[in-house]
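# Overview (structure and organization)
So you can see what is in the structure, the chains are spelled out below.
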Amino acid sequence: MAGYTGGGQLQLAPSLNDAGLGRLVLLAFAAGLAACDRVLVHSSTAASWVSAAAARMAVDLGEKLRVVPAPRDERLVRDPATTQPASGAGAIGVCNHQLYAHYGTGQFVDLARDLVASGTVRLRVMDLFGQRRAERKGPDDSPEKMRDQLADLPHVQVVFDRCDRVRYKDLLAGARFGIAPFGPGCPWSMSVIDCQGMGLPAPGLSRTCRRPLLLQTAPQTNHVGHGLKGKK
């Protein structure tokens, strides 16, 4: 699911609607909901979407639905009051989520171009996949295309954490702020949870964000990002 249309109808997420199979996926999802004793979700937004999907398929969730806190890695926690960002030329913003096009990464590429134009903000983009095999890239090679577009921009550094959590923490620790996904179907985001645990504000469209960092349009992130570059 990817949220609601202007008319209040549920939208199917592109990642689950390949070749128009989204309704079949939704049927299988509804069958799973009907078989569950408990249905656990990580946000009130997700609860709303799941309830709507269940009602659409005539599945009565009754009292089975519960909102529980999203998981976090206890190693990715620090007190922002006692930790200062690394010094250097320009504040660093970090993008630590997957770069699939349906996550709104095209909007992020445009945002990155605007953010780094002044030279006072640098961006660190996490390459979470590394070199994928051809059979993995075949169905959707947008992460590689988006990564290459970002790598061509000035003041943008594409980094790979080598699946090392210590290195990942160090990369987050050197940033001043994070950037949440822009995809409409993002009721919560592990990347935003990681940033929050490390004391980094992460503006964006993901429902994991809280006001005033929950934005309505991608260009708003540009203004917020420049505002955060001087925050400590």
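Just above sits the structure.
Residues numbered from 1 in each chain as written. Predicted model: local features only at pLDDT ≥ 70, side-chain atom pairs only at ≥ 80, totals over all residues. Heavy atoms only, no water.

For helix α2 (residues 44-56), built from 13 residues, the straight-helix expectation of 18 Å at 1.5 Å per residue is met to within 8% by its first-to-last C-alpha distance of 18 Å. Residues Thr45, Ala46, Ala47, Trp49, Val50, Ala53 and Ala54 constitute the buried set of α2. Summarising the contacts, the buried residues of α2 are in contact with α1 (22-35), β1 (39-41) and β2 (65-67). One or two steps after α2, the chain reaches alanine 58, where phi turns positive at roughly 60°. (Helix = DSSP H or I, 4+ residues; strand = E, 2+ residues; numbered from the N terminus. Expected span 1.5 Å × (residues − 1). Buried < 20%, exposed > 50% of the residue type's maximum accessible area, 1.4 Å probe, protein only. Contact = heavy atoms within 4.5 Å.)

Turning next to the nonpolar core. Counting 18 residues, the largest nonpolar core has Phe108, Leu123, Val125, Leu150, Val156 and Ile179 as the members making the most contacts within it. Within the residue set of this core, elements represented by two or more residues are α3 (105-115), β4 (121-126) and α5 (142-151). Ranked by residue count, the leading element in this core is α3, at 5 residues. Counting 15 residues, the second largest nonpolar core, distinct from the first, contains Ala180, Val192, Cys195 and Met198. (Core = buried A, V, L, I, M, F, W, Y, C linked by side-chain atoms within 4.5 Å.)

Moving on, we get to the packing of aromatic side chains. Counted according to the given criterion, the structure contains 2 aromatic pairs. Residues tyrosine 100 and tyrosine 103 carry aromatic rings whose centres are separated by 5.6 Å and whose planes lie at 80° to one another, so their mutual orientation is edge-to-face. The class of tyrosine 103 is partly exposed, set by a relative accessible area of 30%. When the ring of tyrosine 100 is compared with that of phenylalanine 129, the centres are 5.6 Å apart and the planes differ by 65°; the resulting orientation is edge-to-face. Separated by 29 residues along the polypeptide, tyrosine 100 in the loop between β3 (91-95) and α3 and phenylalanine 129 in the loop between β4 and α4 (134-137) bring together distant segments of the chain. These aromatic residues form a ring-pair network of at least three members: Tyr100, Tyr103 and Phe129. (Phe/Tyr/Trp six-rings, centres within 6.5 Å; stacked < 30°, edge-to-face > 60°.)

With that settled, consider unusual backbone geometry. Of note, alanine 58 is a non-glycine position whose phi angle comes to about 60°, a positive value. Along the chain, the position of alanine 58 falls in the loop between α2 and β2. We classify alanine 58 as exposed; its relative accessible area is 73%. Look at cysteine 163: it is not a glycine, yet its phi comes out positive at around 60°. Among the structural elements, cysteine 163 can be located in the loop between β5 (156-159) and α6 (165-173).

Everything listed here is a matter of geometry and, on its own, says nothing about what the molecule does.
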